[in-house]
Amino acid sequence: MSSSAIRCESLGRRFGRRWVLAHVDLEVARGDSLLLAGSNGSGKTTLLRVLAGLSRPSAGTVRILGRDPHSERLACRRLLSMVSHRSYLYDGLTAFETLRVWARLGGVAYADGELENLLDEVALTPHRDLPVGGFSSGMRKRLTLLRTRIEKPDVIFLDEPLAALDSGGKKLVERWIAREVEHGTTVVVASHAIPRMSRICRRALLLEEGQIAWEGSAADLPSQMEEPA
């Protein structure tokens, strides 16, 4: 298996005549963490979707642990997980039933106690037996994060993971992401929460109009995002 978790060369994505990504060269080592920053429309979500195999590139190549996420979709699906704005939850299932279904679909055996511990990780134990259709957007996001814990992917893509969360929810999700990073999972986060995420991620990349404008240590990113005087 490749030593690089993510590698893309001359990557581009076009909608009609408009290029929303262009000439993106990127390499992320296994176990590394990367923060994607940029204004709305800069290409962050599009880049995540192309890397995750949800959108096909119009130019260039993408490899996830040495595999093409488009031509080797099934193999890559076992290696990666993406948490986006949409939760894709079944509203009629309870939180506990949702975890049980995910475990069965993934072919992983979990005891009830283990599933309950997962719910406790994201402070959803009191809502264990409630249908997720009545959950707030923040609760749905916290529940969706647990899918990655069950699937145990090598690479996790997160699109605005702190959006729609209150202060307590943000701190909880920050700890959750930091734990994945500490455990050696390759994590790529697209976020506007620059100060928070730059404390968790090691590297950062700034996109402007679909191209890489800056790349370096995440600790240096806040200064790059400051408006010039």
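For the structure itself, look to the data block above.
Below or above, wherever it landed, is the structure these notes cover. None of the values given here were measured: they were computed from a predicted structure.

### Quick notes on the sheet that holds strand 5 (residues 80–83)
The mixed open sheet is built from six strands, whose spatial order is 5-6-7-3-8-9. One side of each edge strand has no neighbouring strand; the edge strands of this open sheet are strand 5 and strand 9 (211–217). Going across the sheet, the axis of each strand differs from the next one's by a mean of 15°, ignoring polarity. Alignment of strand 3 (residues 33–37) against strand 7 (residues 186–190), held across four bridges, turns out to be parallel. Bridge pairing in strand 7 places Leu35 opposite Val189.

### Points about the layout of surface pockets
Empty space within the largest pocket amounts to approximately 770 Å³. Counting residues per element, the ones that place at least two in the lining of the largest pocket are helix 1 (44–51), helix 2 (73–77), strand 5, helix 3 (95–105) and helix 5 (137–151). Looking at the lining of the largest pocket residue by residue, the class counts come to 13 nonpolar, eight polar and eight charged.

### Structural notes on the environment of Ser217
Looking at the secondary structure, you find Ser217 in strand 9. When its relative accessible area of 32% is taken as the criterion, Ser217 is described as partly exposed. Sequence spacing of Ser217 and Leu34 is 183 residues, and the spatial spacing of their C-alpha atoms is 9.2 Å.

### Some words on the packing of aromatic side chains
Counted according to the given criterion, the structure contains zero aromatic pairs. Lying over the aromatic face of Phe96, Arg128 brings its terminal NZ or CZ to 3.9 Å of the ring centre.

### A closer look at the side chain of Lys44
Mapping Lys44 onto the fold places it in helix 1. The side chain of Lys44 is buried and forms no salt bridge, while Glu160, the nearest opposite charge, is found at 4.7 Å. When near neighbours in sequence (up to four residues on either side) are disregarded, Lys44 contacts Leu36, Ala37, Gly38, Ser39, Glu160, Ala190, Ser191, His192 and Leu207.

### Regarding the pattern of salt bridges
A side chain of one charge can pair with a side chain of the opposite charge when the charged atoms of the two come close. With the rule as written, the count across this model stands at 15 salt bridges. In this structure, Glu116 engages Arg128 in a salt bridge whose closest nitrogen and oxygen atoms are separated by 3.2 Å. One end of the pair, Glu116, is in helix 4 (residues 112–121); the other, Arg128, is in the loop between helix 4 and helix 5, and twelve residues separate them in sequence. Residue classification places Arg128 among the partly exposed residues on the basis of a relative accessible area of 21%. Where Arg179 meets Glu121, a salt bridge forms, and the shortest distance between an N and an O atom there is 3.3 Å.

### Quick notes on helix 5
With 15 residues, helix 5 extends 22 Å between its outermost C-alpha atoms, agreeing within 8% with the 21 Å of an ideal straight helix rising 1.5 Å per residue. The buried count for helix 5 comes to 13 of 15 residues, which makes it a mostly enclosed element. Among the residues trailing helix 5, Lys152 stands out with phi positive, at a value near 50°.

Scoring rules and cut-offs
- Here the residue numbering is sequential within each chain, running from 1 through the sequence in written order.
- Residues qualify for local features only when their pLDDT is at least 70, as the model is predicted, and side-chain atom pairs are given and counted only at 80 or more; totals for whole chains, interfaces and linings, by contrast, use all residues.
- The basis for the side-chain values is all heavy atoms of the structure; hydrogens and waters are excluded.
- Following DSSP output, two strands are said to pair if at least two bridges run between them.
- Where helices and strands are cited, they refer to DSSP runs of H or I of at least four residues and of E of at least two residues respectively, numbered from the N terminus.
- Structural elements are reduced to axes, namely lines fitted to C-alpha atoms, with helices fitted over the stretch in contact, and the angle between N-to-C directions of any two is expressed from 0 to 180 degrees.
- The distinction between a cavity and a pocket rests on a 1 Å grid over the protein atoms alone: a 1.4 Å probe fits inside a cavity but cannot get out, while a pocket stays open yet meets protein on both sides within 12 Å along at least five of seven lines, and a residue with an atom within 4 Å of a point counts as lining.
- Grid points are joined across faces, edges and corners, and a volume is the space filled by probe spheres set on the points.
- We call Asp, Glu, Lys and Arg charged. Ala, Val, Leu, Ile, Met, Phe, Trp, Tyr, Cys and Pro are nonpolar, and the rest, Gly among them, are polar.
- Relative accessibility under 20% of the residue-type maximum defines a buried residue, over 50% an exposed one, and the middle range a partly exposed one, all with a 1.4 Å probe and only protein chains included.
- Side-chain rings of Phe, Tyr and Trp, where Trp is taken by its six-membered ring, are said to pair if the distance between their centres is within 6.5 Å; with planes under 30 degrees apart they count as stacked, over 60 as edge-to-face, and otherwise as tilted.
- Should the NZ of a Lys or the CZ of an Arg lie within 6 Å of a ring centre and within 35 degrees of the ring normal, that charge is described as sitting over the ring.
- Lys and Arg are tallied as positive, Asp and Glu as negative. Neither His nor the chain termini are counted.
- By definition, a salt bridge exists where a carboxyl oxygen of Asp or Glu is found within 4 Å of a side-chain nitrogen of Lys or Arg.
- Two residues form a contact once any of their heavy atoms are found within 4.5 Å.
- Here the expected span of a helix is defined as 1.5 Å times the quantity of residues minus one.

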